[in-house]
Amino acid sequence: MPWAKIDDDAPSHPKMFLAGVEAFGFWVAGNCFCNKRLTDGVIRADALALIYPGTPPKRARALAEKLVAVGLWERVETGWRVHDF
C-alpha cells in the first residue's frame, strides 16, 4: 500500500493551528491525493472535489482558501499547490 509522508509534528505546527482541524484534515487529504496521483503537489481546480469526496464544492473551496491564507497551499494558474510538497 502506498503512503504519503506527513511530519509527526504537523498537528502542532503554528500554520496548522491557524488553519484549524477541518482544514488540517483537508490538507492531509490533499497530500494523499497528490502523492497517489503523482501531481508534484498540484491540485487542479477541477479536481478539488476529489480531495475528500463528499465535501460540498463550496466548502472545499473555502478550505482551500483557508489553507492558502495560512501558507499551507499556494494559488497557481490551474488551481493550488501544496506548499513544500
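Look above for the structure.
All of the points below concern the structure found in this document. Bear in mind that the values here come from a model prediction, so they are computed numbers and not experimental data.

### Quick notes on the side chain of T55
Point 1. Turning to its location among the elements, T55 is positioned in the loop between β1 (42-44) and α3 (57-69).
Point 2. By relative accessible area, which is 16% here, T55 ends up buried.
Point 3. A distance of 2.8 Å separates the side chain of T55 from the backbone oxygen of Y52, its partner in a polar contact.

### Thoughts on the sheet that holds strand β2 (residues 73-76)
Point 1. Spatial strand order, β1-β3-β2: three strands in an open sheet with antiparallel pairing. Sheet topology places β1 and β2 at the edges, where each strand pairs with a single neighbour. Pairs of neighbouring strands in the sheet enclose a mean axial angle of 30 degrees, with direction left out of account.
Point 2. Across three bridges, β1 lies against strand β3 (residues 79-82) in antiparallel orientation. Residue pairing across strands places V42 opposite R81, the latter belonging to β3.
Point 3. Packed on one face of the sheet, helix α2 (residues 21-37) meets β1, β2 and β3 and runs near 95 degrees to β1.

Calculation rules
All residue numbers here refer to positions counted from 1 along the written sequence of the relevant chain. Totals for whole chains, interfaces and linings use every residue, but because this is a predicted model, local features are given only for residues with pLDDT of at least 70 and side-chain atom pairs only at 80 or more, for both listing and counting. Each side-chain value is worked out from all heavy atoms of the structure, with water and hydrogens disregarded. Runs of E in the DSSP output that reach at least two residues are strands. Runs of H or I that reach at least four are helices, and both are numbered from the N terminus. Working definition: with a 1.4 Å probe on protein chains only, accessible area under 20% of the residue-type maximum means buried, over 50% means exposed, and in between means partly exposed. Polar contact is the term for a pair of N or O atoms within 3.5 Å; when the atoms are in protein, one must be able to donate a hydrogen and the other to accept it, and sequence-neighboring residues count only if both atoms are side-chain atoms. Note on pairing: two strands pair once DSSP finds at least 2 bridges between them. Comment: axis = line fitted to C-alpha atoms, over the contacting stretch for helices; angle = value between 0 and 180 degrees taken between N-to-C directions. Should any heavy atoms of two residues lie within 4.5 Å, those residues are considered in contact.

Shape descriptors only; they carry no functional weight alone.
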